[in-house]
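# Structural description and commentary
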Amino acid sequence: MKASISSTSHYAPEKTLTNQDLEKIIDTTDEWIKTRTGIEKRHIIGENEATSDMATNIALDLLKKSKLDAKQIELIIVCTVTPDHFAPSTAALVQNNIGASKAWGYDLSAACTGFLYGLETGAKFIESGKYNNAMIIGLDSMSTIMDYQDRNVCVLFGDGGGGAILEKSNRYGIIDSLLRMDGSGGKFLIVPGGGSRMPTTSKTIENREHFLKQDGKTIFKFAVKGMADVSEEILRKNNLSGDDIDLFIPHQANKRIIDAAAKRCGISQDKVVININEYGNTTAGTIPIAINESVISGRLCRGDILLLAAFGAGFTWGSMIIRWGN
Ligand code: UT7
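Quick summary incoming for the structure in this document. All chains use their own residue numbering, which begins from 1 and follows the written sequence. Totals for whole chains, interfaces and linings use every residue, but because this is a predicted model, local features are given only for residues with pLDDT of at least 70 and side-chain atom pairs only at 80 or more, for both listing and counting. Hydrogen atoms and water are omitted, and side-chain values are computed over all heavy atoms in the structure.

Our next topic: the sheet that holds strand β6 (residues 133-141). Paired strands, as defined in this entry, are two strands with at least two bridges between them according to DSSP. Starting at the N terminus, helices and strands are each numbered in turn, a helix being any DSSP run of H or I of at least four residues and a strand any DSSP run of E of at least two. The strand order across the open sheet built from five strands is β1-β7-β6-β4-β5, with neighbouring strands paired in mixed fashion. Edge strands, defined here as strands with exactly one partner in the open sheet, are β1 (2-11) and β5 (104-108). Across the sheet, the axes of successive neighbouring strands diverge by a mean angle of 20 degrees, strand direction being ignored. Alignment of β6 against strand β7 (residues 159-169), held across nine bridges, turns out to be antiparallel. Within the sheet, the bridge partner assigned to D140 lies in β7 and is G160. Contacts between helix α3 (residues 51-65) and the sheet are confined to β1, β6 and β7, with β6 contributing the most and set at about 145 degrees to the helix. Interaxial angle, 0 to 180 degrees, is taken between N-to-C directions of lines fitted to C-alpha atoms, where a helix line uses only the stretch in contact. Here, two residues are considered to be in contact whenever any of their heavy atoms come within 4.5 Å of each other.

Have a look at this one:
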C-alpha cells in the first residue's frame, strides 16, 4: 500500500511586486534579476493577510476537489518557516478555519525542502495503516522576513504555496524518497533574530536581524550539487534514467540551479517545470504550486513518473519519485 496524492491546490496573493517595482526601491535592474535568476515578479500578501489565510484558501480548495468532508480529515501538516505565530501552530489555525474537528497536526520547518519533508511524513502515517488521509500544505509569506533594503536577498523571494491530500492507493503514489540535512550550512541562510538565540529587542530590530540573510554564492554552489546529487542517486537507486522521467518539478530558487540539476540528470528541458518567472522563490510553496499548475495544464497525467527535488536552509535537501494518480 502506498500513499498517493488525491487532490492538489495552490494559492498566490493577488498583489504583485515586479522587477520594475524593485528598480524603484533598490539599486537593481530588471535585466540583472532576469538573467541571474529567471524571476520577473513575485506575489505579495495583502496588509491583513497571513500564512494561515493562504493555507486556509488552499485547504478549502483541496476539500472541494476531494471526496472528503472537513470532518474526515485526520492529519494536517503545514510546512512553513513563516508561521502566523510561534504558538499556536499554523496547522491549528487552519484546522479551526476549515472545521476539521477530528484532525490533529503540526507545523513542519524545513524551509525550501518543507513540502518534500511534509509529503514523506504524511505518507508514513498513511503507510502505517492507522491513518486514511493527510492534508499537506507547503507555503510561505517570505515578504514578511524580507529586508527591502538588501538587494542580495529581496529580489529572490515571494509569497504563496499549495497543498495536497494524501490517501491510500495500491497502484499509484510515492515510490521512493531521499531526504538529507546538514546543519553545518545553517549560518549561510538564516534569520538571526527573533528566536531564543537572539530574542527581539529594539537593538535587533535596529540591526535588521529579524530579516533573512544569505550568502548567495555559497548556497548556489551547495544547491546545484545537492539537488543534482540526490536526484541522480534516487534515479540510480530505482534503475531509472532521465529519459524515464515524464516531469521534473524542482524547487524554484534560481533558473540556473534548475538548469544545472536537470542537465546532470539527463532530463530534457521540455520535461522541466519552471514558474520562477511568475512567483520567485516561495520557499515551501514552490513545489506544490508547480504540481497544481501542472495538473491544471494537463502536463501531469495519471501514470506519469514525476521527479521532485529541493534544496534550502538548514541545509535541507532531497528528492522524491511519484507515480502520479490515485
Ligand atoms: O532556496 C534557497 C535560497 N537561496 C538561493 O537558492 C540563492 C542561491 N544563490 C543565487 O541564486 C545567486 O547567488 C544570486 C542570485 C543570489 C546572486 O547571483 P550571482 O551570480 O551569484 O551574483 P553575485 O552574488 O556574484 O553578485 C554579482 C554582482 C555583485 O557586484 P560586483 O561585486 O560584481 O560589483 C553584486 O553586488 O551583482 C551584484 N548584485 C546585484 N546587482 C543588481 C547582487 N544582487 C544584485 C541585485 N541587482 N539584486
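Moving on: the site of the ligand. Surrounding the ligand, one finds 24 residues, the nearest of these being T28, R36, R151, K217 and N254. Between the ligand and the protein, one listed contact pairs an oxygen atom with a side-chain N or O atom of R36 at 2.8 Å. Side-chain polar atom of H251 to an oxygen atom of the ligand: 3.1 Å apart, as the coordinates give it. Here the Shrake-Rupley method, with its probe set to 1.4 Å, supplies the accessible areas, and only the displayed protein chains count as covering residues. Taken by itself the ligand offers 940 Å² of open surface, and the protein chains cover 75% of this. Each cavity reported here is a set of points on a 1 Å grid over the protein atoms alone in which a 1.4 Å probe fits but cannot get out, each pocket an open set with protein on both sides within 12 Å along at least five of seven lines, and each lining residue one with an atom within 4 Å of a point. Assignment of a molecule to a cavity or pocket requires that more than half of its atoms lie within 2 Å of the corresponding grid points. Judged by its atoms lying within 2 Å of the grid points, the ligand is housed in the second largest pocket. Secondary-structure elements contributing two or more residues to the shell around the ligand are α2 (30-37), α6 (151-154), α8 (216-237) and α9 (255-264). Any residue with a heavy atom positioned within 4 Å of a molecule or strand is treated as near that molecule or strand. In the analysis that follows, any N or O atom pair within 3.5 Å is treated as a polar contact, provided that within protein one partner can donate a hydrogen and the other can accept it, and provided that, for residues neighboring in sequence, both atoms belong to side chains.

Now for the layout of surface pockets. Considered as a void within the structure, the largest pocket measures approximately 1000 Å³ in volume. Surrounding the largest pocket, 39 residues form its lining, V81, P83, F86, I145 and V191 being those nearest its centre. Of the residues contributing to the lining of the largest pocket, the split by class is 18 nonpolar, 18 polar and three charged. In this structure, the second largest pocket occupies an estimated 690 Å³ of space. In terms of lining, the second largest pocket is formed by 28 residues, of which the most central are N152, L156, Q214, G216 and N254. Those elements giving two or more residues to the lining of the second largest pocket turn out to be α2, α6, α8, α9 and β12 (305-312). At six residues, α8 tops the list of elements feeding residues into the lining of the second largest pocket. Grid points are joined across faces, edges and corners, and a volume is the space filled by probe spheres set on the points. In this classification, Asp, Glu, Lys and Arg are treated as charged, Ala, Val, Leu, Ile, Met, Phe, Trp, Tyr, Cys and Pro as nonpolar, and every other residue, Gly included, as polar.

Attention shifts here to the packing of α8 against α9. Two packed helices can be described by the angle between their axes and the distance between those axes. In the contact formed by α8 and α9, the axes pass within 9 Å of each other and the chain directions differ by 30 degrees. Regarding the angle of α8 to α9, the classification is roughly parallel. Seen along the crossing, α8 lies across α9 with a hand that is right-handed. Touching F220, A223, V224, K225, M227, A228, D229 and E232 of α8 are R256, I257, A260, A261 and R264, all from α9. For the contact of α8 with α9, the per-class residue count stands at eight nonpolar, no polar and five charged. An angle counts as roughly parallel when it lies under 35 degrees, as roughly antiparallel when it exceeds 145, as roughly perpendicular when it falls between 65 and 115, and as oblique in every other case. We call a crossing left-handed when the near helix sits turned anticlockwise from the far one by less than a right angle, and right-handed when that turn is clockwise.

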